[in-house]
Amino acid sequence: MIRVVDVHKSFGGQQVLKGVNLNFTTGKITTIVGTSGCGKTVLLKHLNALLLPDRGEVLVDDIDITKLRQKELYAMRGRFGVLFQGAALLDSMTIFDNVAFPLREKTRMGEPEMRKKVEERLDQVGLEGMGYKYPAELSGGMKKRAGLARALVMDPEIVLFDEPTTGLDPVLATGIHQLIARTQQAFGFTGVVVSHTIPQVFEISDYVAILADGVIEEAKPTKEFQASQNPVVQQFIKGEIEGPIRVL
Amino acid sequence: MLSLLTHIGRFTLRQLSEMGRMFLFLLAAIFLAFRPPAKIGLIIHHIKTIGVDSLSVVLLSGFFTGMVMGFQGYYSLRKFNAESWLGSAAALGLLRELGPVLSAFMVTGRTGSAMAAELGTMRATEQIDALYSMAINPIKYLVSPRIIAGLIAMPLLTAIFDVVGIYGAYLVGVGLLGVSSGSYFSGMESSVVFNDVYSGFMKSLSFGLIITWVCCYKGFHAPPMATGVSQATTESVVLSFVLILVWDYFLTSVML
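Now for a look at the structure at hand. Note that this is a predicted model, so its numbers are computed, not measured. (Residues numbered from 1 in each chain as written. Chains lettered and ligands numbered in written order. Predicted model: local features only at pLDDT ≥ 70, side-chain atom pairs only at ≥ 80, totals over all residues. Heavy atoms only, no water.)

**Some points on the overall build of chain B**
And step 1. Helices and strands together make up the secondary structure of chain B, namely nine helices and zero strands.
And step 2. Along chain B, helices and strands appear, N-terminal first, in the series α-α-α-α-α-α-α-α-α.
And step 3. Taken across its 256 residues, chain B has 48% of its residues classed as buried. (Helix = DSSP H or I, 4+ residues; strand = E, 2+ residues; numbered from the N terminus. Buried < 20%, exposed > 50% of the residue type's maximum accessible area, 1.4 Å probe, protein only.)

Structure follows, in structure tokens:
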């Protein structure tokens, strides 16, 4: 279980998170939605301490990761996999080497076993036979899939997805959503997805939370969230300009 | 008046804290360089990037610097009827001063700027965040091998610059201006002592550290946008040049 408790974060005087409280259920997918620039990625980066809060706690199995020493923090990060917005593949390496990278750096796995595991992950994301290519030779969707293969190669307990479908066409976006759902079922990880691709993202989410004006306005199981009468939720789902969310 | 003092105070504090961050960054990189596992493959890769890839520009600049020294040295020494000391003047100038400083400038322009741009781009495209998220220390992976490679490659490049420069001066002095070949090399042999070579070596070693440290720091902390990368690249080159010259002054005053 991951719990975010009263997290505040500012950048240069601009307060982005103003006391976020949110629980993430183990083995389920929780999606955080919200308008562009509302702080979803900032919140996501607090979950594996890529960013540290100015105030508040981030608890993973009741351990406050914001207070861990470097060695403990690195061990904790080993439990996470992250799919970044732009995939963040190391562009000096081939796709195979990118996926193999965490195994080479963090385990003593032998080359044949490692090769088998990397090829298995590439197959699972539909990139079989593409391992020899460099990130610059791949399309946006293929990069995301390669990023997902890398995020899953260490069999993480928790996977963070930062806007996994941004910049993709609707068909490809649905494909990535299905891939996330399929891999979650196969591996049973706790998924946290940051997205504003609605309603498609609801199909893969067990829980949905909306971040607005620096706080979690509503967090519910997906069906209840969609039926919520909260004006913020309704404005966001319907994409209306008029409402409590200040657009311009 | 008070406002001016406030501005000066703020500027000073900002610069001091930046210097502190830079120093801590260097300490972390050095500390992590000694922690296993050693990144031998990466170190060799960066020796190639810093050393082999800068070789052509170092050869060219060394050769022309030597030839200019041949002309200028001959012009100056002729006034004292001391043309036969051309070899000695060229060798001392190159070994003690021009070799380390100019080859450091070439490496900064050729490789240091590329290093800052590469790390800045990695920051902007979240590749550095990706390393953190994979529980891999990016300073150990990206910075420490570059610093070790800089310490190895820079003295080697300087030695090549010195040799090529000495032959450049020889070509002009002996080939074009008629200085005797024997006096060129015998003057050099009699006046160059171990301390001259040692001083040049120490300079090139410290310049290797300065270039990799400054360029890695600026790139690593570049603001994550296109202008941030270009700003980091410019700052890394300018700061490296300034630090090379300042440190050169201190080392020269100590090792003279």
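**Section: the sheet that holds strand E7 (residues 158–162) of chain A**
All names here are of chain A.
And step 1. Strand order in the open sheet formed by six strands is E6-E7-E8-E3-E9-E10, with mixed pairing between adjacent strands. The strands lining the two open edges of the sheet, one partner per strand, are strand E6 (80–83) and strand E10 (215–221). Strand-to-strand twist in this sheet, taken as the mean axis angle between neighbours without regard to direction, amounts to 15°.
And step 2. Summarising the sheet, strand E3 (residues 29–33) and strand E9 (residues 207–212) pair through four bridges and their orientation is parallel. (Pairing = 2+ DSSP bridges. Axes fitted to C-alpha atoms, helices over the stretch in contact; angles between N-to-C directions.)

**What about unusual backbone geometry?**
And step 1. The omega torsion of the bond from A:Ile198 to A:Pro199 falls at 5°, within 30 degrees of zero and hence cis.
And step 2. With phi around 45°, A:Glu163 is a residue other than glycine that occupies positive phi space.
And step 3. Its location among the elements puts A:Glu163 in the loop between E7 and helix H6 (170–187).
And step 4. Phi at B:Ala135 takes a positive value of approximately 60°, unusual for a residue other than glycine.
And step 5. Turning to its location among the elements, B:Ala135 is positioned in the loop between helix H5 (127–133) and helix H6 (138–176).
And step 6. Judged by relative accessible area, which is 3%, B:Ala135 ranks as buried.

**Describing the sheet that holds strand E5 (residues 63–64) of chain A**
All names here are of chain A.
And step 1. If you walk across this open sheet you meet the four strands as E2-E1-E4-E5, and the pairing is antiparallel. Looking at which strands have only one partner, the edges of the open sheet turn out to be strand E2 (14–24) and E5.
And step 2. Packing of helix H1 (residues 40–47) onto the sheet brings it into contact with strand E1 (2–11), E2 and strand E4 (55–60), and relative to E1 it is tilted by some 125°. (Contact = heavy atoms within 4.5 Å.)

Geometric descriptors of this kind do not, in isolation, establish any biological role.
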